[in-house]
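Structure at a glance
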Amino acid sequence: MTAVDMAASPTRPSALAGYEDWPAYVARHRLTAHSEDARQLADTLGVPAVTPDLEYAVQSESEHDGVITSRLQWQLGFGPRTSAWFVRPAGAAGPLPGLLALHCHGGIKAYGAERLVSLPDGGDNPDGGDNPDGGENPDGGAPLGERPGNAPGSAWLGLPPLDVRAKLYGGRALATWLAQQGFAVLAHDTFMWGSRRFGLDPLPWRTANAVSGQEALWREAGVELFAAERFNAAAAAHEETVAKAATLIGTSVTGTVAHDDLAALGVLARVPGVDMDRLGCIGFSGGGGRAMVLGALSPLIRSYVVTCMMTTFGSLLPAYLDAHSWLLHTPGLAKLGDWPDLSVRSSATVLVQYGLADQLFPEQGMRDAHHHLLENMPARYTGSFWQEPHVFTPAMQDEAASFLTATLQPRQPTSTPTPDSTRTYQ
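Everything in this summary refers to the structure shown in the same document.

**Re the pattern of salt bridges**
A full pass over the atoms with the stated rule returns 11 salt bridges. The shortest N-O distance in the salt bridge between Asp37 and Arg345 comes to 3.6 Å. Taken together, the residues Asp37 in helix α3 (residues 36–45) and Arg345 in helix α10 (residues 341–345) connect sequence positions 308 residues apart. Given the relative accessible area of 15%, Arg345 is considered buried. For the salt bridge of Asp43 with Arg39, the shortest nitrogen-to-oxygen distance reads 2.6 Å. Taken as a pair, Asp43 and Arg39 lie in helix α3 at a separation of 4 residues, close to a single helical turn. With a relative accessible area of 49%, Asp43 lands in the partly exposed category.

**Here's the deal with the sheet that holds strand β9 (residues 381–386)**
Spatial ordering of the open sheet is given by β1-β2-β3-β5-β4-β6-β7-β8-β9, a layout of 9 strands whose pairing is mixed. In this open sheet, the two strands that pair with only one neighbour each are β1 (56–64) and β9. Averaged over all pairs of adjacent strands, the angle between strand axes in this sheet comes to 20°, irrespective of strand direction. Across 8 bridges, the pairing between strand β2 (residues 67–74) and strand β3 (residues 82–89) is antiparallel. Along β3, the bridge assignment pairs Arg71 with Trp85.

**A word on the nonpolar core**
Formed by 60 residues in total, the largest nonpolar core has its most connected members in Trp22, Leu178 and Phe198. It is helix α7 (residues 227–249) that contributes the most residues to this core, 8 residues altogether. In this structure, Val271, Met292, Tyr304 and Leu356 belong to the second largest nonpolar core, which totals 56 residues.

Conventions adopted
Residues numbered from 1 in each chain as written. Predicted model: local features only at pLDDT ≥ 70, side-chain atom pairs only at ≥ 80, totals over all residues. Heavy atoms only, no water. Salt bridge = Lys/Arg side-chain N within 4 Å of Asp/Glu carboxyl O. Helix = DSSP H or I, 4+ residues; strand = E, 2+ residues; numbered from the N terminus. Buried < 20%, exposed > 50% of the residue type's maximum accessible area, 1.4 Å probe, protein only. Pairing = 2+ DSSP bridges. Axes fitted to C-alpha atoms, helices over the stretch in contact; angles between N-to-C directions. Core = buried A, V, L, I, M, F, W, Y, C linked by side-chain atoms within 4.5 Å.

What follows is the structure, given as structure tokens:
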């Protein structure tokens, strides 16, 4: 190839797409765990250390529907800034129990925590208004991926969170609803989602090859997609590349997500009005897996809820292996035990909700995990079975809120609170 040919060749796009500083951060920062169990898990996942006393900024604040919603931002040690929403009951007196509301995977990475928060003006636009330019971007028309994560939210991609909320959460904005039940709730975008998404314009080489066939099918069918839908298709293909990059630099998808979640937990513990002795978390699907990892890594978590994210590793083979993302498939994790052993490693009180019609997990795997937890942590574990598919219904949310209310009471010197049973547990 001549010098002229080389000069004319296009530059190969970055596969790290806005996270070029990720490898150097992982190399310099390793999490120091509080116990041997936590150290083993942190080392296996490759969890980077969190910046201590992370500073956050309040971007906006509004009162509606009996709650006060604040939009927060903070800058982690790598990648784009994190957007988050802190929701608390209006007029609350005294420190409140704090919850991290952990958004699901859902195959939707264009936005993250917005799906859990009801925003003022009725439009669920995280920027608080309509697009003045009439297009998809309320910040002025930047194309897909031009500013990964730098926009205050992800509504500029053109797809609001109402669809996934209706499909998976029974129409409820979970974080807002939990605040209405008396909790101080922080919902944040985590690594790969929303403000922390990868910038996929131009598409990295392998991702572009994977997406091109799907784009041809869309054109043939005459399908016109929102920018968010195009982004989600690209992000789904790109997750394989992210997993390879994580392995190469000594971390994992789950470990880097855990880093972001630990950082958010640190923010929640320092927000005024939150009782840092009464912290918990709640998550559906991938968010439930995040809750398990966070509970095993941090002693700050006293109680958490896992919904539709519990099974055994063996039950995923062979038919259910391709139903899940890299949040469930971390190399080396099986050396530490089975999937439910993440909960055994924590000191928290746990509610696991199982959907017997869940299309992503075989029933036998769920029941085996249930019995494993009963045998290994009977005093801290509650399991409930629901005749539901892969969803987090309002009735399941009601049970979860009752459980967290009971288990996050102020500590008593001579007794331990027990869950308020709302169903028949098996």
